[in-house]
Amino acid sequence: MIQRKFKDIVGRRYESVLKEYSEFLLTEEEMLIPEVQSILIPLDLFVHDIPDEAIDVLSTYNATISLAYITDARVIELLEQALDHASTEEFRAKKEEYGRELLERTAAKLKGHGITTQTRMFVGHKGDDVVRMAKNYDLVALCRRYADGEATDVSISPTVLRICQRVATPALIY
């Protein structure tokens, strides 16, 4: 674009203009459309459902989708400090039950659209674990409410923004 638009206009300053505006231009690598064969979708208590519109986009990739339900380790640590062991284990068991149900429901919905899925569930650090796992996937799909609570506005969770800033993998926010 710069070469076509400014080469004759800026003359000798062309190289400096190119350098100054290079961050706004796509490189040859970035212009290639990457092949997406694997997609990571992290789930938690605040991700209730994947909307049909997002599923339509994800289904165009013909990729395997890995669903990961992550219970926040910090919450478990705080509960262990504040409550007795039995209460903490009861909370963890209820979280795991909800996680299994969400994984099964979401996997069934995706399979209904002809999408191959894998599921996993663990206790961890939501943002850090997603960034770590994203290295093994071609795309990360994040619900805008992931790790945010029951926000009523249409804003994006701070955790989702941090994940997008830290991953090298392309991210889709739904």
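The rules behind these values
- Residues numbered from 1 in each chain as written.
- Predicted model: local features only at pLDDT ≥ 70, side-chain atom pairs only at ≥ 80, totals over all residues.
- Heavy atoms only, no water.
- Helix = DSSP H or I, 4+ residues; strand = E, 2+ residues; numbered from the N terminus.
- Buried < 20%, exposed > 50% of the residue type's maximum accessible area, 1.4 Å probe, protein only.
- Contact = heavy atoms within 4.5 Å.
- Areas by Shrake-Rupley, 256 points an atom, 1.4 Å probe, with all protein chains shown as cover.
- Pairing = 2+ DSSP bridges.
- Axes fitted to C-alpha atoms, helices over the stretch in contact; angles between N-to-C directions.

Overview of the overall build of the chain
Thought 1: Within the chain, the regular secondary structure consists of eight helices and five strands.
Thought 2: For the chain, the N- to C-terminal ordering of α and β elements is α-α-α-β-α-β-α-α-β-α-β-α-β.
Thought 3: Burial analysis of the chain (174 residues in total) assigns 36% to the buried set.
Thought 4: Taking the intrachain contacts of the chain between residues at least 6 apart in sequence as the baseline, contacts between residues at least 24 apart amount to 74%.
Thought 5: About 11100 Å² of surface is accessible on the chain, with carbon and sulfur atoms providing 52% of the total.

Describing the environment of H48
Thought 1: Residue placement: H48 occurs in the loop between strand 1 (38–43) and helix 4 (52–59).
Thought 2: We classify H48 as partly exposed; its relative accessible area is 37%.
Thought 3: Spatially, the C-alpha atom of H48 lies 9.6 Å from that of Y146, the residues being 98 residues apart in sequence.

Some words on the sheet that holds strand 5 (residues 171–173)
Thought 1: Read from one edge to the other, the open sheet built from five strands follows the order 3-2-1-4-5, with strand pairing classed as parallel. A single partner strand is all that each edge strand has here, and the edge strands are strand 3 (117–124) and strand 5. Across the sheet, the mean angle separating the axes of adjacent strands is 20° when strand polarity is ignored.
Thought 2: Bridge analysis of strand 2 (residues 64–72) against strand 3 gives eight bridges, and the strand direction is parallel. Across the sheet, the residue bridging to I70 is F122, located in strand 3.
Thought 3: Along the sheet face, helix 5 (residues 73–82) touches strand 2 and strand 3 and points at about 20° away from the line of strand 2.
Thought 4: Relative to strand 2, helix 7 (residues 126–134) is tilted by about 155°, and along the sheet it contacts strand 1, strand 2, strand 3 and strand 4 (139–142).

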